[in-house]
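Analysis of the macromolecular model
What follows is each chain in one-letter form.
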Amino acid sequence: MYFLVDPRDTVNAGYKASFEREGISSFALLPDEFLSWLRAASPADLEAIQGFLLGDFAERAKCAGVIRKQSRAPIIALADLRSLEQTVELLEAGIDDVLPKPVHVREILARSEAIWRRVNGAVQQGEPEGETEGEAKGPDRLKVFHDGRDPEIDGVPLSLPRRERHILEYLVRNRGRRLTKTQVFNVVYGVYSNGVEESVIEGHVSKLRKKLAERLGYDPIEAKRYMGYTYVG
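Residues numbered from 1 in each chain as written. Predicted model: local features only at pLDDT ≥ 70, side-chain atom pairs only at ≥ 80, totals over all residues. Heavy atoms only, no water.

Brief notes about the confidence of the model for the protein chain
- Confidence along the protein chain averages 86 in pLDDT terms, with 91% of residues attaining 70 or more.
- The model gives residues 122–138 a pLDDT under 50, and that stretch makes 21 contacts with residues more than four places away or in other chains. (pLDDT = per-residue confidence, 0-100. Contact = heavy atoms within 4.5 Å.)

Below, the structure written as C-alpha cells:
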C-alpha cells in the first residue's frame with residue numbers, strides 16, 4: 001500500500017487511480033489529517049505501507065521527519081516545479097527522492113523499490129538471507145521487478161493478474177519470512193479497504209502457487225494453515 005499526501009483532492013485522486021491501474025492499493029489524506037493519523041497509527045498499519053508519496057505543500061519536510069521516526073518505508077516527494085534549492089532542502093530533511101511532475105506511477109514504483117533495497121539492506125534474489133555469496137545456491141529461475149512488469153521464469157514472462165503479481169512481489173521481497181494472511185491482505189488491498197474479506201487472499205495465493213508450480217516444476221511458496229505464507233524459492 002502507498003500513502004499519498006497532498007492538499008489537492010484532484011492530485012490525490014489522480015495518483016490513486018494510477019496506482020489502482022497497476023494493481024497497487026493506496027490511501028490519501030490531506031497534510032493536516034496525515035500528521036494526526038501518523039502519530040496515532042498502529043505498527044500493523046505502518047508495516048503495510050510500502051512507500052509515502054508527498055505532494056507539493058509547505059509542511060512536507062516536517063512530515064518526512066515524523067515519518068522517518070516511525071517507518072523505514074521510502075519517502076518520495078513530487079515537485080510541481082524544478083528547483084535545486086527545494087530539492088536539496090527536501091533531501092536534507094530525510095526525503096529519499098524528489099521527482100518532478102509529471103511522473104509515471106511505474107517510475108515511482110521502481111524508484112521506491114530501489115530505495116527500499118538500499119535502506120533496508122535487502123538481499124539479492126538468489127542469495128537467501130544468512131548465506132554468503134559463495135554459499136548461495138545460484139540465481140533464482142524466478143525474477144520479479146516490482147515496477148509493474150510481469151515476473152519472468154527462466155527468462156520468459158509469466159503473465160499474472162495484478163493482485164497475484166503484487167502478492168508474489170511482496171512474498172519475494174520478504175523471502176524466508178512467514179507472512180500472515182492479514183499482512184498480505186493489508187499490503188495488497190490496503191488497511192482501509194471496504195467490502196473485501198481477508199479470505200480473498202487464500203484464493204489469490206492458491207492460483208498463484210498453481211501457476212508457479214506448473215512453470216517451475218515445484219511450489220516455491222510454503223503455506224501453513226492459520227500461520228501464513230513463506231516464499232522459500
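Now that the structure is up, let's keep going.
Overview of the packing of helix α7 (residues 162–173) against helix α8 (residues 181–189)
- Remark: α7 packs on α8, axes separated minimally by 10 Å, with the N-to-C direction vectors making an angle of 125 degrees. Viewed along their axes, α7 and α8 adopt a mutual orientation that is oblique. For the crossing formed where α7 meets α8, the hand is right-handed. Residue-level contacts link Arg163, His166, Ile167 and Tyr170 of α7 to Gln183, Val184, Val187, Val188 and Tyr189 of α8. (Axes fitted to C-alpha atoms, helices over the stretch in contact; angles between N-to-C directions. Helix = DSSP H or I, 4+ residues; strand = E, 2+ residues; numbered from the N terminus. Parallel < 35°, antiparallel > 145°, perpendicular 65-115°, else oblique. Left-handed = near helix turned anticlockwise from the far one by under 90°.)

Let's talk about α8
- The element α8 is extensively covered by neighbouring structure, given that seven of its nine residues are classed as buried.
- Along α8, the positions that sit buried rather than exposed are Gln183, Val184, Phe185, Asn186, Val187, Val188 and Tyr189.
- Backbone geometry just after α8 places Gly190 at a positive phi near 95 degrees. (Buried < 20%, exposed > 50% of the residue type's maximum accessible area, 1.4 Å probe, protein only.)

Considering the sheet that holds strand β7 (residues 152–153)
- Pairing is antiparallel in the open sheet, where three strands are placed in the order β6-β7-β8. The sheet is open, and its two edges are formed by β6 (142–143) and β8 (156–157), each paired on a single side.
- Bridge analysis of β7 against β8 gives two bridges, and the strand direction is antiparallel. Within β8, the residue paired with Glu152 across the bridge is Pro157. (Pairing = 2+ DSSP bridges.)

Quick look at the pattern of salt bridges
- In the structure shown here, the tally under the stated rule is 17 salt bridges.
- With a shortest N-O distance of 2.8 Å, Asp154 and Arg141 are connected by a salt bridge. Within this pair, whereas Asp154 is found in the loop between β7 and β8, its partner Arg141 is found in the loop between α6 (105–120) and β6, the two being separated by 13 residues in sequence.
- What makes Arg141 partly exposed here is its relative accessible area of 34%.
- The partner of Asp147 in a salt bridge is Arg149, with the nearest N and O atoms 3.0 Å apart.
- Judged by relative accessible area, Arg149 falls into the partly exposed class, the value being 39%.
- Within this structure, Asp6, Arg8, Asp80 and Lys101 form a network of salt bridges that share partners. (Salt bridge = Lys/Arg side-chain N within 4 Å of Asp/Glu carboxyl O.)

Details of the environment of Pro31
- Here Pro31 is to be found in helix α2 (residues 31–40).
- Pro31 sits in the buried class, given a relative accessible area of 11%.
- Sequence separation between Pro31 and Arg60 is 29 residues; the distance between their C-alpha atoms is 7.9 Å.

Considerations on the sheet that holds strand β5 (residues 97–100)
- If you trace the five strands from one edge of the open sheet to the other, you get β2-β1-β3-β4-β5, paired in parallel fashion. Both edges of this open sheet fall to β2 (26–29) and β5, since each of them pairs with a single strand only. Shown here is a sheet whose adjacent strand axes are inclined to one another by a mean of 20 degrees, direction ignored.
- Of the strand pairs in this sheet, strand β3 (residues 51–54) and strand β4 (residues 75–79) are connected by three bridges, and their pairing is parallel. What sits directly across from Leu53, in β4, is Ile76.

Here we look at the packing of aromatic side chains
- Taken as a whole and judged by the stated rule, the model has eight aromatic pairs.
- Where Phe3 meets Phe27, the ring centres are 5.5 Å apart and the plane angle is 75 degrees; that geometry is what we call edge-to-face. Here Phe3 is found in strand β1 (residues 2–5), whereas its partner Phe27 is found in strand β2, with 24 residues between them in sequence.
- We classify Phe3 as buried; its relative accessible area is 0%.
- Residue classification places Phe27 among the partly exposed residues on the basis of a relative accessible area of 24%.
- Taken together, the ring pairs connect Phe3, Phe27, Phe34, Trp37 and Phe52 into an aromatic cluster.
- Its guanidinium or amino end placed over the ring of Phe145, Arg149 lies 3.9 Å from that ring's centre, counting from NZ or CZ.
- If you follow Arg173 out to its NZ or CZ, it ends over the ring of Trp116, 4.3 Å from the centre. (Phe/Tyr/Trp six-rings, centres within 6.5 Å; stacked < 30°, edge-to-face > 60°. Lys NZ or Arg CZ within 6 Å of the ring centre and 35° of its normal.)

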